[in-house]
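The lines below spell out each chain.
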Amino acid sequence: MNTQSNGASAPASRIWLDGALREADGARVSVFDHGLTAGDGVFETLKATNGGAFALDRHLRRLATSARGLGLPEPDLDEAREACAAVLAANPMEHGRLRITYTGGLSPLSSDRGDTGPTLVVALGAAKRRPDSTAVITVPWVRNERGALAGLKTTSYAENVLALSRAHEHDATEALFANTVGALCEGTGSNVFVVLDGELHTPTLASGCLAGITRALTIEWTGAKETELPYDVLDRAEEVFLTSSLRDVQAVHRIHGEAGERLLPGAPGPVTAKAMRVFEERSAAEPNP
Ligand SMILES: Cc1ncc(COP(=O)(O)O)c(C=O)c1O
């Protein structure tokens, strides 16, 4: 496996494509695939640990929900499950990122979708365990909570690519978005939680954020409240943390905003530390919650 300059690892050598396990080097998707030409697809990222994928059933359910939302044919979840198992077994690793991608398939060179059927790819790459805390930035761009793709996990992620590269310029690993009405929404690939007066809050789904699986489990396991929060809550929250499949619960120790930097010394603070502990214990006890 090749290690790339950004510290991430190259994908594993065997992937699932067109109904079977294949050598990644020889596996090809058409240049006319609508995933490539139009970003017409949905995906899932799962944490893979020693041959198992965390919360597989929830991820498959969300894949189907996203596909339905985009008007793609219903995915064959039995095949997706078989593909995940085959790819995990073919590429043993301690800690990885398992990715399911499901696109509109062969299509004309336009926004019209073709009728040859979708493409399903499952691939796995090694991942590094994240540090307990990280830095984030705020960005001037907004999530559209009224957009056709709001709440769907689609492959149209170029806005996230741009915001994340801006974050890296500031030595941060995530960018946090407001929505069109100035409410706190989510990160490029994570949900956000804040502590106010000792209580844990996260934006409601009406903010336009993705219904993160780590978010849902964190709410369930900590009793966090879903609250409409203004974006500038980031200037005064006692603690801030992120959740995602590969971050689990991760504290924020620095927020780089337009007006300067806010440090959160001592992160993870007590509420975050407790959420991290609870998440670690419960997820270890229930690998498919
Ligand atoms: C935009 C966005 N929000 C939130 C999340 C977190 O979701 P999950 O906890 O299911 O990984 C992701 C995951 O990649 C994401 O892409």
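Cut-offs applied
Residues numbered from 1 in each chain as written. Predicted model: local features only at pLDDT ≥ 70, side-chain atom pairs only at ≥ 80, totals over all residues. Heavy atoms only, no water. Near = heavy atom within 4 Å. Polar contact = N/O pair within 3.5 Å; in protein donor to acceptor, adjacent residues only side chain to side chain. Areas by Shrake-Rupley, 256 points an atom, 1.4 Å probe, with all protein chains shown as cover. Helix = DSSP H or I, 4+ residues; strand = E, 2+ residues; numbered from the N terminus. Pairing = 2+ DSSP bridges. Salt bridge = Lys/Arg side-chain N within 4 Å of Asp/Glu carboxyl O. Buried < 20%, exposed > 50% of the residue type's maximum accessible area, 1.4 Å probe, protein only. Axes fitted to C-alpha atoms, helices over the stretch in contact; angles between N-to-C directions. Parallel < 35°, antiparallel > 145°, perpendicular 65-115°, else oblique. Left-handed = near helix turned anticlockwise from the far one by under 90°. Contact = heavy atoms within 4.5 Å. Nonpolar A, V, L, I, M, F, W, Y, C, P; charged D, E, K, R; others polar. 1 Å grid on protein atoms, 1.4 Å probe; cavity = no way out; pocket = protein on both sides within 12 Å on 5 of 7 lines; lining within 4 Å. Points joined across faces, edges and corners; volume = space filled by probe spheres on them. pLDDT = per-residue confidence, 0-100. Phe/Tyr/Trp six-rings, centres within 6.5 Å; stacked < 30°, edge-to-face > 60°. Lys NZ or Arg CZ within 6 Å of the ring centre and 35° of its normal.

Can you help me understand the site of the ligand in this one?
The immediate surroundings of the ligand are formed by 16 residues, with K153, Y157, E186, T214 and S245 found nearest. With respect to the ligand, the side chain of K153 contributes an N or O atom lying 2.7 Å from an oxygen atom. One of the side-chain N or O atoms of Y157 is found 2.3 Å from an oxygen atom in the ligand. Within the complex, 94% of the 390 Å² of free accessible area of the ligand lies under protein. Elements with a contribution of two residues or more to the shell around the ligand: strand 9 (184-187) and helix 5 (213-222).

Please clarify how the pairing of strand 2 (residues 20-23) should be interpreted in this entry.
For a regular strand, the rule is simple: side chains alternate between the two faces of the sheet. Pairing of strand 1 (residues 14-17) with strand 2, which is carried by 4 bridges, proceeds in the antiparallel orientation. From the neighbouring strand, I15 faces strand 2, where its bridge partner is R22. Hairpin geometry of strand 1 and strand 2 is characterised by an intervening segment of 2 residues between the two adjacent antiparallel strands and by a positive phi of about 50° at D18.

Would you take a moment to explain the pattern of salt bridges for this structure?
A pair can form between side chains of opposite charge whenever their charged atoms are brought close. For the structure shown, the criterion picks out 15 salt bridges. D248 is the salt-bridge partner of K47, the closest N and O atoms lying 3.0 Å from each other. Here D248 lies in strand 14 (residues 248-257) and K47 lies in strand 3 (residues 41-49), a separation of 201 residues in the sequence. Owing to a relative accessible area of 11%, K47 belongs among the buried residues under this scheme. Classification of D248 as buried rests on a relative accessible area of 8%. Of the charged contacts, one joins E286 and R282 as a salt bridge, the two residues approaching to 3.1 Å between their closest N and O atoms. Its relative accessible area of 29% is what places E286 among the partly exposed residues. Each of K47, R129 and D248 takes part in a single network of salt bridges with overlapping partners.

Got a minute to help me understand the packing of helix 2 (residues 56-70) against helix 3 (residues 77-90) in this structure?
How two helices sit against one another is set out by the angle between their axes and by the gap between those axes. Relative to each other, helix 2 and helix 3 sit at 135°, their axes nearing to 11 Å. In this view, helix 2 runs oblique relative to helix 3, as classed from their interaxial angle. Regarding helix 2 and helix 3, the two cross each other, and that crossing is right-handed. Judged by residue contacts, L56, D57, L60, L63 and A64 of helix 2 engage L77, A80, R81 and C84 from helix 3. Within the contact of helix 2 with helix 3, the residues separate by chemical class into 7 nonpolar, no polar and 2 charged.

For this particular structure, what's the right way to read the sheet that holds strand 6 (residues 119-126)?
Sheet strands pair via backbone hydrogen bonds, and the direction of the pair is either parallel or antiparallel. The sheet built from 6 strands is open, its strands ordered 2-1-6-5-3-4 with antiparallel pairing. Both outer strands of the open sheet, strand 2 and strand 4 (52-53), are each paired with one neighbouring strand and no more. Relative to strand 3, helix 2 is tilted by about 170°, and along the sheet it contacts strand 3, strand 4 and strand 5 (95-103).

Quick question: what am I supposed to make of the layout of surface pockets here?
Space inside the second largest pocket adds up to approximately 260 Å³. Lining the second largest pocket are 13 residues, and of these K47, T49, F54, H95 and S283 sit closest to its centre. Only strand 3, strand 4 and helix 6 (270-285) provide two or more residues apiece to the lining of the second largest pocket.

Looking at this model, I keep getting lost on empty space enclosed by the protein. Mind explaining?
Unfilled space is identified by rolling a water-sized probe across the atoms. Evaluated as defined, the whole model comprises 1 cavity of 30 Å³ or more. As for the largest cavity, its lining consists of F54, A55, H59, I213, T214, S245, D248 and F279. For the lining of the largest cavity, the per-class residue count stands at 4 nonpolar, 3 polar and 1 charged.

Looking at this model, I keep getting lost on the confidence of the model for the chain. Mind explaining?
Where the model shows low pLDDT, its predicted coordinates should not be examined in detail. Summing up the model confidence of the chain, the mean pLDDT is 95 and the portion of residues at 70 or higher is 96%. Contacts from residues 1-7, a stretch scored under 50 in pLDDT, to residues over four places away or in other chains number 12 contacts.

When you look at the packing of aromatic side chains in this model, what are you seeing that I'm missing?
Two measures describe an aromatic ring pair: the distance that separates the ring centres and the angle between the ring planes. Per the stated rule, a full pass over the model turns up 4 aromatic pairs. Here F43 and Y157 contribute two aromatic rings whose centre-to-centre distance is 5.0 Å and whose plane-to-plane angle is 85°, an arrangement assigned as edge-to-face. Of the two residues, F43 sits in strand 3 while Y157 sits in the loop between strand 7 (133-143) and helix 4 (158-169), which places them 114 residues apart along the sequence. The exposure class of F43 is buried, given its relative accessible area of 4%. Ring geometry for F193 versus F241: centroids 4.8 Å apart, planes at 10°, classification stacked. Of this pair, F193 sits in strand 10 (residues 191-196) while F241 is found in strand 13 (residues 239-244), placing the two residues 48 residues apart along the sequence. Assigned by exposure class, F193 and F241 land together as buried. Three or more aromatic residues joined by ring pairs make a cluster, and in this case those are F54, W221 and F279. Here the guanidinium or amino end of K47 rests over the ring plane of F54, the centre of that ring lying 5.3 Å away.

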